[in-house]
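Structure at a glance
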Amino acid sequence: MSKYKLTALVVAGLLSGCASKIDEQQYQSQLQEFVAQTQLAAQLQGQDELNWWQQLNSSQLNNLIISARTNNHDLHTSQLKLKSALARLGGQKAQYLPQGGMIVDATRSSIDDIDTRQSAANVNLDWQLDLFGKITALVNAANAGAMSQAEQLRALHIEVVSAVVKGFVSFQGNKQKQQIIDQQIEALEQSIAVLRARVEEGVANELDLNRTLAQLKQQQALLPDIEYAQFRDLATLATLTGQLPADLTLADEQALFEHAFTVSLATPSDAIALRPDISQALFEFSQANSLSVAASKALLPDISLTAFAGVVSLDNNQLSDTTQQWQVAPRIQWSLLSYPALLAQRDAQQYLSEAAYSQYQQVVLEALAQSELSLQLLVKQTKQLGYAKQRYEFANNAFLQAQAMYQEGQIPYLELLDARQDVLIAQENAIDSTISSLLAKVNTYQVFNGRWSYALVN
């Protein structure tokens, strides 16, 4: 092969290696343009969503999030895996450099009372030339793997922060529901005391008393569930912050539900396109593609330079009066007889690359579907909250009217009891709707996480 043909082959190999790498930035830009054209969540565009949980104005919540990001064991595990991936990347990049080592030895032997001494120092080098881009493809694969692990860490940050906010909101909501149930039990116990006295006097009948006692037991039966729910929320928050439930104490903070908490996104399209699950799928596709390129490059010969240099001393162990020697040898290794196996490996990796691209497309579709679903849930909970508040207002007005009519003797006590039951049910429903509406807003921020999660990890 002439010099010019060899040069053309090397240039062609280098160009092929450069063109076979996935351009992640181009894919991401195309996705951002596509999402922007859908105009998804355009109605939420407004203020920046960075540190969105601070709208709740709770120092307890802010401290819990800081503690979770510092002490959460899953985050720590993911961070260590990222460091491991970066270390593997550094090891792969080191393959660009010559490999080898140094050996120094000294021997002494005796045969028929004749002593022989010898010492030697040798340096061996093996430099694999990346003429066809195989090492570059493996470096690209390792880099994509490290970036994928970084995106997984960002996704875990989102999960931890969102879970802390949801757990705190649920805990405070269950606290509020327990207080209302306690108030209801106290009011029923007062009514029962009055009814007992009136039954003894013959003014009221035992039917009214038994109906009121049944309502009392119904409310008391709710307490174990509420207490268990509070402990469950506390245990969840303790696990997220790396503690035991016994070590975590939360104060009652009912003002949490009185703060104005709205969903606002600076750039809704970026909040979707920059999601870590989409980026992770893209980097996994890039990694699979680079491994496919490396498998294709394995069909080409490996060209390397081996070098040897050393000194030998035949009569002593101190490297004096030495004889120098060196050797440089180019080497071409071509696994022609292994071609069927190499072809099968190349085809298998190409299928994995196509599968990774298909998975990337699926993740994008799921992200868009989740975004639309979260918006529908937000609208649903907002409407239900409005209806629940109106229901409570009407039920409370009806109870006040029934109370006045009962005192005037216009209605029997059972109707008053029914009116009380209606207002209790409406009050519980209003509280549940308030909690669900707040959790729906948190869920929306969790789904539209592309921008605030980047600020969180950086």
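Residues numbered from 1 in each chain as written. Predicted model: local features only at pLDDT ≥ 70, side-chain atom pairs only at ≥ 80, totals over all residues. Heavy atoms only, no water.

Some details on the nonpolar core
A general tendency of soluble globular proteins is for nonpolar side chains to be buried together. Heads up, the condition is: For our purposes a nonpolar core is just a set of buried Ala, Val, Leu, Ile, Met, Phe, Trp, Tyr and Cys residues, chained together by side-chain atoms within 4.5 Å. Whether a residue is buried, partly exposed or exposed follows from its accessible area with a 1.4 Å probe, protein chains only, as a fraction of its type maximum: under 20%, in between, or over 50%, in that order. Helix and strand assignments follow DSSP, with helices taken as H or I runs no shorter than four residues and strands as E runs no shorter than two, numbered in order from the N terminus. Two residues qualify as a contact provided that any one of their heavy atoms is within 4.5 Å of a heavy atom in the partner residue.
Among the nonpolar cores identified, the biggest contains 62 residues, and Trp52, Trp53, Val164 and Val165 are the most heavily contacted of them. A total of 10 residues in this core trace back to one element, the largest contributor, which is helix α5 (residues 134-201). Ignoring sequence-local partners within four residues, the contact set of Trp52 consists of Val161, Ser162, Val165, Phe261, Val442, Tyr445 and Trp452.

Notes on the packing of helix α6 (residues 206-220) against helix α7 (residues 222-240)
Our working rule: Fitted lines through C-alpha atoms give the axes, limited to the stretch in contact for helices. The angle between two N-to-C directions lies from 0 to 180 degrees. When describing relative orientation, an angle under 35 degrees is termed roughly parallel and one over 145 degrees roughly antiparallel, while 65 to 115 degrees is termed roughly perpendicular and anything else oblique. Throughout, the ten residues Ala, Val, Leu, Ile, Met, Phe, Trp, Tyr, Cys and Pro are labelled nonpolar, Asp, Glu, Lys and Arg are labelled charged, and all others, Gly among them, are labelled polar.
Relative orientation of the contacting elements α6 and α7 amounts to 15°, with a least axis distance of 4 Å. Comparing their axes, α7 and α6 come out roughly parallel. Contacts from Gln218, Gln219 and Gln220 of α6 reach α7 at Leu222, Leu223 and Pro224. Classifying every residue of the contact of α6 with α7 by side-chain character gives 3 nonpolar, 3 polar and no charged.

Structural notes on the packing of helix α4 (residues 73-93) against α5
Two numbers describe how α4 lies on α5: the axes approach to 9 Å, and their chain directions differ by 170°. In this view, α4 runs roughly antiparallel relative to α5, as classed from their interaxial angle. Classifying every residue of the contact of α4 with α5 by side-chain character gives 14 nonpolar, 7 polar and 3 charged.

Some words on the sheet that holds strand β1 (residues 99-111)
Here is the rule: Strand pairing follows a simple DSSP-based rule, namely that at least 2 bridges must link the two strands.
Pairing is antiparallel in the open sheet, where 4 strands are placed in the order β1-β2-β3-β4. Of all strands in the sheet, those with a lone pairing partner are β1 and β4 (323-333), marking the two edges. Ignoring which end each strand starts from, the neighbouring axes of this sheet average 15° apart.

Thoughts on the side chain of Gln280
Within the fold, Gln280 resides in helix α9 (residues 276-297). Beyond its immediate stretch of four places on either side in the chain, Gln280 contacts Ser148, Glu151 and Gln152.

Considerations on helix α10 (residues 339-407)
Quick reminder: α-helices carry 3.6 residues per turn. Residues three or four places apart thus point the same way. Stated formally: A helix is expected to reach a length of 1.5 Å times the quantity of its residues less one.
A rise of 1.5 Å per residue sets the reference length of α10, with its 69 residues, at 102 Å; its end C-alpha atoms lie 98 Å apart and thus fit the reference within 8%. Just past α10, the residue Gly409 takes up positive phi, approximately 80°.

As for the packing of aromatic side chains
Worth spelling out the cut-off: Each Phe, Tyr or Trp ring, with Trp reduced to its six-membered ring, pairs with another whose centre is within 6.5 Å; inter-plane angles below 30 degrees give stacked pairs, above 60 give edge-to-face pairs, and intermediate values give tilted ones. Any Lys NZ or Arg CZ that is within 6 Å of a ring centre and within 35 degrees of that ring's normal is treated as a charge sitting over the ring.
Under the defined criterion, the tally for this structure stands at 12 aromatic pairs. Judged by centre distance (5.9 Å) and plane angle (70°), the rings of Tyr27 and Phe285 are edge-to-face. Placement of the pair is Tyr27 in helix α2 (residues 24-38) and Phe285 in helix α9, with a sequence separation of 258 residues. Of the residues examined, Tyr27 reaches a relative accessible area of 22% and is grouped as partly exposed. On the basis of relative accessibility, which here comes to 6%, the residue Phe285 falls in the buried class. Plain terms: the ring middles of Phe285 and Tyr357 are 5.0 Å apart, the flat faces sit at 45° to each other, and that makes the pair tilted. Of this pair, Phe285 sits in helix α9 while Tyr357 sits in helix α10, and the two are 72 residues apart along the sequence. Linked through ring pairs, Trp52, Trp53, Phe261, Tyr445 and Trp452 together constitute an aromatic cluster. Cation over ring: Arg154 sits above Tyr454, and NZ or CZ is 3.8 Å from the ring centre.

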